[in-house]
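# Structural features, examined
Each chain, letter by letter, is given below.
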Amino acid sequence: MAARAAGGPPTEPPYDELARQIGAAAHRTTDAQVATVRTALGSEKAAFEVTLAAAAGAGLLRWRLAMQALAEANDASS
Amino acid sequence: MRLPEVERGSSFGNRLLIGFISTVMRMRLPDAARVAFYHKDFGRPIGAWTHAAMRGSSSWTIGERELMAAMVAKWNSCEFCVGAHSAVAAKQLARPTIDQTLADYRAAPITNGLRATLGFLEKMTLHPADLSAEDARTVLRAGVTSEALTDAIAVASAFNIVTRYADALDFAIPSPSEFEKAGDMLLKRGYRS
């Protein structure tokens, strides 16, 4: 989920659509996207895990790329 | 809230706590706090990261970091987090400064270092794959240290997570006075779950 939300390859439906949505534009997530995952997984706790994992993937991608840019700037100046 | 169990609490003790805090605060406990109480083992690392980034040692003030969080929320179109973090920032910075920064940080009355840092965080949020060493150098040339930029990156990373689950779960939007009250709690207690 985390990798998919960070622009990685598709994962299995129906998780793929929710993870991609959270990575690309979480504010456009729909009730149906969350409900479908909740039904497929059979619990709210599991749907919660998918949601947080996808969100974490998008954040961690940004951490990695930003720190890489800073490291390259520091390397060039040393 | 799209997951009712998160909203009402997953155990009797959890529901009691949500009810108690709501009564003491005289408002509906914001969904961000309900998420923090739910499935703690899974969400605790995100809370710990957010708390360290927002309340840990840094050359940025708490108000500046809350403003960065509000800006990430704005770029990600997260109404809940814009309201929540601009309310906390307003307890440390002048409200007109926050409103002007949210409207146009390039023209707002903020330091050049914060302005340059926000430029980096905007690209990091909206076009992360386009970030380059030159973007970082632009911030460093504005007088921001490498450590301070790292701290700002940690804030923006945390809120690129928080804003996404806030919107995916469809957090209820508190009223302005409720954001004010919740802001007092966030300023006092931070983000540890």
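The following paragraphs examine the structure supplied in this document. (Residues numbered from 1 in each chain as written. Chains lettered and ligands numbered in written order. Predicted model: local features only at pLDDT ≥ 70, side-chain atom pairs only at ≥ 80, totals over all residues.)

## Focus: the overall build of chain B
- Looking only at helices and strands, chain B has eleven helices and zero strands in total.
- Counting helices and strands in the order they occur from the N terminus, chain B gives α-α-α-α-α-α-α-α-α-α-α.
- For chain B, whose C-alpha radius of gyration is 17 Å, the value lies close to the compact-globule estimate of 16 Å for 193 residues.
- Seen through its principal axes, chain B has C-alpha atoms that stretch 55 × 30 × 30 Å.
- Sequence separation of at least 24 residues holds for 69% of the intrachain contacts in chain B that already meet a minimum separation of 6. (Helix = DSSP H or I, 4+ residues; strand = E, 2+ residues; numbered from the N terminus. Rg over C-alpha atoms; globule rule 2.2 N^0.38 Å. Contact = placed C-beta atoms within 7 Å.)

## Some points on the interface of chain B and chain A
- Counting residues at the interface gives 38 residues for chain B and 29 residues for chain A.
- Of all the secondary-structure elements, those providing two or more residues to the side of chain B that touches chain A are helix 1 (4-8), helix 4 (40-55), helix 8 (112-126), helix 9 (133-141) and helix 10 (146-168) of chain B.
- Element by element, the count of residues in the side of chain B that touches chain A is highest for helix 10 of chain B, at 14 residues.
- Its residues placed into classes, the side of chain B that touches chain A shows 21 nonpolar, eleven polar and six charged. (Nonpolar A, V, L, I, M, F, W, Y, C, P; charged D, E, K, R; others polar.)

## As for the nonpolar core
- By size, the foremost hydrophobic cluster in this structure holds 81 residues, and its most contacted members are A:Ala55, B:Cys81, B:Val155 and B:Phe159.
- The residues touching B:Val155, leaving out its near neighbours within four places in the chain, are B:Ala53, B:Met54, B:Arg65, B:Met68 and B:Ala69. (Core = buried A, V, L, I, M, F, W, Y, C linked by C-beta atoms within 7 Å. Buried ≥ 20, exposed ≤ 12 C-beta atoms within 10 Å, placed from the backbone.)

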